[in-house]
Amino acid sequence: MSTMKTITNTLTFSSVEPDAGLKAALSKSRADVIAELNASNLKGRGGAGFPTSVKWNLAAAAKSDKKYVVCNADEGEPGTFKDRLILSDYANLVIEGMTIAGYAIGAKTGIIYLRGEYSYLRGPLTAIIAKRRAANLLGADIMGKSGFAFDIILRMGAGAYVCGEETALIESLEGHRGESRNRPPFPVDTGLMGNPTIVNNVETLAWAACILGKGGDWFKSMGTEKSAGRKLFSVSGDCARPGVYEFPLGITIQELLDAIGAEDVKAVQVGGASGHCVPAGQFQRALSFEDIPTGGSMIVFGQHRDMLDVAINFLDFFVEESCGQCTPCREGNEKLLEGALLLEEGRCSMAYLKDLCALGESMQLASKCGLGQSSANAFLSIVKYFKDEILGRTAVAQAG
Amino acid sequence: MLVPVQERLRQDIEGWIAANGGDRGSLIPVLQEVQKKYSRISDYAMQVIADQLDIHPVEVHGVVSFYSFLKEEHKGRFEVRLCRTISCDMAGRDRVARQLENELGISFGETTHDGRFSLEWANCLGMCDQGPALLVNEQVFTSVTPEKIHDILAQFKKMMDINVFQQAEEH
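Residues numbered from 1 in each chain as written. Chains lettered and ligands numbered in written order. Predicted model: local features only at pLDDT ≥ 70, side-chain atom pairs only at ≥ 80, totals over all residues. Heavy atoms only, no water.

(A) Representation of the overall build of chain B in the model. Summing up its helical and strand segments, chain B has seven helices and four strands in all. Start at the N end of chain B and walk to the C end: the helices and strands fall as α-α-α-α-β-α-α-β-β-β-α. For chain B, the residues scored as buried account for 51% of the 171 residues in total. In chain B, of all internal contacts separated by at least 6 residues, the share reaching a separation of at least 24 is 61%. (Helix = DSSP H or I, 4+ residues; strand = E, 2+ residues; numbered from the N terminus. Buried < 20%, exposed > 50% of the residue type's maximum accessible area, 1.4 Å probe, protein only. Contact = heavy atoms within 4.5 Å.)

Written out as structure tokens, the structure reads:
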């Protein structure tokens, strides 16, 4: 291994008292645990922003003798690496969050689905799980709470981006190709092996543990009204200090850029390959569920970057990662890539570009899962904001 | 006693299926174990797994062909995967790619004749803050520059010379 330490600012996770959240949770009733989470207004940190307490409540209400808590550690979104940092440095907090979730919904089994690219985290995570078992923080009668048993299995992904989508992840756990399912039914009632299952992002589970320890009001007091709390951002690209930064939600893009030492910025890709490209004129917009929602990926592009190259890189990615199950995504991304290459050669008419954009909008509507629905976003936003730059290119521009 | 490789593979698969729950859900962990020990997932291995899980072998093949980290063919003992995603791209991916090809004498998608190295692209390795990043089997290297490539590869070549008798068996 030859890696550097990821730069961070001060993270809340670094000063949390270990297992205070679990202790507090086990002293409450299951309903009160979910009520505390509800009071915090925590929304899913993977990017979709679904209220965590609602998800837990639905799974808790479902009748079944088998339920599952799945930690989605299949962090594959380009530009995202906060979960790698959390799992490297604060894995105990994540497992604590899973244990609290297990208690709240009545699950006995938790599964961490770790992406294959992070295999080097497998050893350390297995050791932490074993240590927690030995300390009575996993297993039977956890912390002396009689009747509460919960344990964790670690499962490795095998290099498929689409498995970050919760139903594709469940398919993968069941031993199938990672092809997403139709929803509804949702995993909270028909999940792993047909049992109620909650799938939560790594960061969401870590925050859940903090919230149970410090109280829902503590979390709600930060951020904005509709986007409570703080969030980790993975920052890369053209800036002085790329890394993982924690900020309250509602921070503007400009404030974030100032904090990371990014100057002379042309655009920021918010939300990774499936997110939106935001041009310099809109840097006063806020990173929050009510304005620009994000899973935390922020890729900064300096003035010298060719935005068409960026679009082509993302489309290459989606052509490769589309599971091929539904036509809009499988064929649509191929067509968009073909179109982007025409643009690069300077051989795309305005009429054809409009057709491509219409195709992209159809993909947003007609694709089966989140991957397909969001795969055209980057292309569409780059076309929208950088038409000047991508139309009528000449050989000279290509060489430059 | 000398046990034929195929028999050993069959016994291993039985054990791995049992250790992973014994049902269809054990399929991917079992495939990962097969690949780790036998370097690839052969038709024979897929047939044995299908028989034991009582599913059609095409179901197993469908899974193997879906996931980019599962492979049917022999690849290099060391699989070098260079991240091609945007942040690594902007950090100088193309020059690292060119130098990898120069040092190994192969193009992306190929394996060296001595079976030591194969070269592949990877999609986002989650090292975007310190690109360009590459993965050699399970080890990550970040902030890679063209001039560092030789040394990175040399350390694996050396490892290979020491472990020359531990090569994966054909089956």
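(B) Representation of the packing of helix α11 (residues 307-321) of chain A against helix α15 (residues 377-385) of chain A. Residue and element names in this part refer to chain A. In the contact formed by α11 and α15, the axes pass within 9 Å of each other and the chain directions differ by 165°. With respect to α15, the axis of α11 lies roughly antiparallel. For the crossing formed where α11 meets α15, the hand is left-handed. Within the contact between the two elements, α11 uses Met307, Val310, Ala311, Phe314 and Leu315 and α15 uses Ala378, Phe379 and Ile382. Across the contact of α11 with α15, the residue classes tally to eight nonpolar, no polar and no charged. (Axes fitted to C-alpha atoms, helices over the stretch in contact; angles between N-to-C directions. Parallel < 35°, antiparallel > 145°, perpendicular 65-115°, else oblique. Left-handed = near helix turned anticlockwise from the far one by under 90°. Nonpolar A, V, L, I, M, F, W, Y, C, P; charged D, E, K, R; others polar.)

(C) Summary view of the packing of aromatic side chains. Residues and elements named next belong to chain A. If you walk through the whole model with that rule in mind, you get 17 aromatic pairs over all chains. Between Tyr118 and Tyr120, the aromatic rings sit 6.2 Å apart at their centres with planes inclined by 55°, giving tilted as the arrangement. Overall, Tyr118 belongs to the buried group, its relative accessible area being 0%. Each member of the aromatic cluster is reached from another via a ring pair, and the members are Phe13, Tyr90, Trp207, Trp218 and Phe219. For the cation-ring pair, Arg115 lies above Tyr118, with the distance from its terminal atom to the ring centre recorded as 5.0 Å. (Phe/Tyr/Trp six-rings, centres within 6.5 Å; stacked < 30°, edge-to-face > 60°. Lys NZ or Arg CZ within 6 Å of the ring centre and 35° of its normal.)

(D) The arrangement of empty space enclosed by the protein in detail. One pass over the structure, following the stated rule, counts two cavities of 30 Å³ or more. If you add up the space inside the largest cavity, you get close to 80 Å³. Forming the walls of the largest cavity are 14 residues, and the residues nearest its centre are Cys323, Cys326, Cys329, Cys369 and Gly372 of chain A. Broken down by secondary-structure element, the contributors of at least two residues to the lining of the largest cavity are α12 (327-345) and α14 (370-374) of chain A. Of the residues belonging to the lining of the largest cavity, the class tally is six nonpolar, six polar and two charged. Estimates place the volume of the second largest cavity at around 30 Å³. What lines the second largest cavity is Pro78, Gly79 and Ile299 of chain A together with Cys83, Thr85, Ile86, Ser87, Cys88, Cys124 and Cys128 of chain B. No other element matches the three residues that helix α5 (residues 86-90) of chain B contributes to the lining of the second largest cavity. Looking at side-chain class alone, the lining of the second largest cavity contains seven nonpolar, three polar and no charged residues. (1 Å grid on protein atoms, 1.4 Å probe; cavity = no way out; pocket = protein on both sides within 12 Å on 5 of 7 lines; lining within 4 Å. Points joined across faces, edges and corners; volume = space filled by probe spheres on them.)

(E) Here's a closer look at the domain arrangement of chain B. We note that the domain assignment places domain 1 (5-66) and domain 2 (78-163) within chain B. Here the C-alpha centroids of domain 1 of chain B and domain 2 of chain B sit 29 Å apart. (Domains from an automatic or database assignment.)

(F) Molecular detail of the environment of Ile142 of chain A. All names here are of chain A. By the secondary structure assignment, Ile142 is in the loop between α6 (122-134) and β4 (151-156). Relative accessible area serves as the criterion here: at 0%, Ile142 is assigned to the buried category. Note: C-alpha distance between Ile142 and Arg285 (143 residues apart in sequence) is 45 Å. Filtering out sequence-adjacent residues up to four positions away, Ile142 remains in contact with Leu22, Leu26, Thr99, Asn136, Leu137, Phe148 and Phe150.

(G) Focus on the sheet that holds strand β2 (residues 68-73) of chain A. Residues and elements named next belong to chain A. Across the sheet, four strands lie side by side as β4-β3-β2-β5; this open sheet has parallel pairing. Pairing within the sheet leaves two strands with one partner each, and these edge strands are β4 and β5 (197-201). Within this sheet the neighbouring strands show an average axis-to-axis angle of 20°, counted without direction. By the bridge criterion, five bridges tie β2 to β5 in an arrangement that is parallel. From the neighbouring strand, Val69 faces β5, where its bridge partner is Ile198. (Pairing = 2+ DSSP bridges.)

(H) Layout of the interface of chain B and chain A. Listed as interface residues are 38 residues of chain B and, on the opposing side, 54 residues of chain A. Between chain B and chain A lies a buried interface of about 3500 Å² when both sides are counted; carbon and sulfur atoms form 55% of it. When the buried area of chain B at its contact with chain A is split by residue, Phe66, Met90 and Asp129 of chain B rank highest and sum to 19% of it. Connecting chain B to chain A are two salt bridges. With a shortest N-O distance of 3.1 Å, Glu320 of chain A and Arg84 of chain B are connected by a salt bridge. Where chain B packs against chain A, one counts 27 residue pairs in polar contact (both at pLDDT 80 or more). (Buried area = accessible area lost by both parts, 1.4 Å probe. Salt bridge = Lys/Arg side-chain N within 4 Å of Asp/Glu carboxyl O. Polar contact = N/O pair within 3.5 Å; in protein donor to acceptor, adjacent residues only side chain to side chain.)

(I) Spatial organisation of the domain arrangement of chain A. Residue and element names in this part refer to chain A. Domain assignment breaks chain A into domain 1 (7-220), domain 2 (230-302) and domain 3 (307-399). On a C-alpha basis, the centres of domain 1 and domain 2 stand 26 Å from each other. Between domain 1 and domain 2, the residue contacts involve 25 residues of the former and 24 residues of the latter. Summed over both sides, the interface of domain 1 with domain 2 buries roughly 1800 Å², with 58% coming from carbon and sulfur. Contact with domain 2 buries area across many residues of domain 1, yet Ile7, Arg45 and Phe81 alone supply 28% of it, more than any other trio. Across the domain 1-domain 2 interface, the total number found is one salt bridge. One salt bridge in this structure joins Glu203 and Lys231, with 2.8 Å as the shortest N-O distance.

(J) Quick look at a negative patch on the surface. Residue and element names in this part refer to chain A. On the surface, Glu255, Asp258, Glu263 and Asp264 cluster together into a patch of negative charge. Structurally, the position occupied by Glu255 is in helix α10 (residues 253-260). Taking the relative accessible area as the measure of exposure, Glu255 reaches 44% and is therefore partly exposed. (Patch = residues over 30% accessible without salt bridge, like charges linked within 9 Å, V, L, I, M, F, W, Y side chains within 5 Å. Areas by Shrake-Rupley, 256 points an atom, 1.4 Å probe, with all protein chains shown as cover. Lys, Arg positive; Asp, Glu negative; His and termini not counted. Charge placed at Lys NZ, Arg CZ, Asp CG, Glu CD.)

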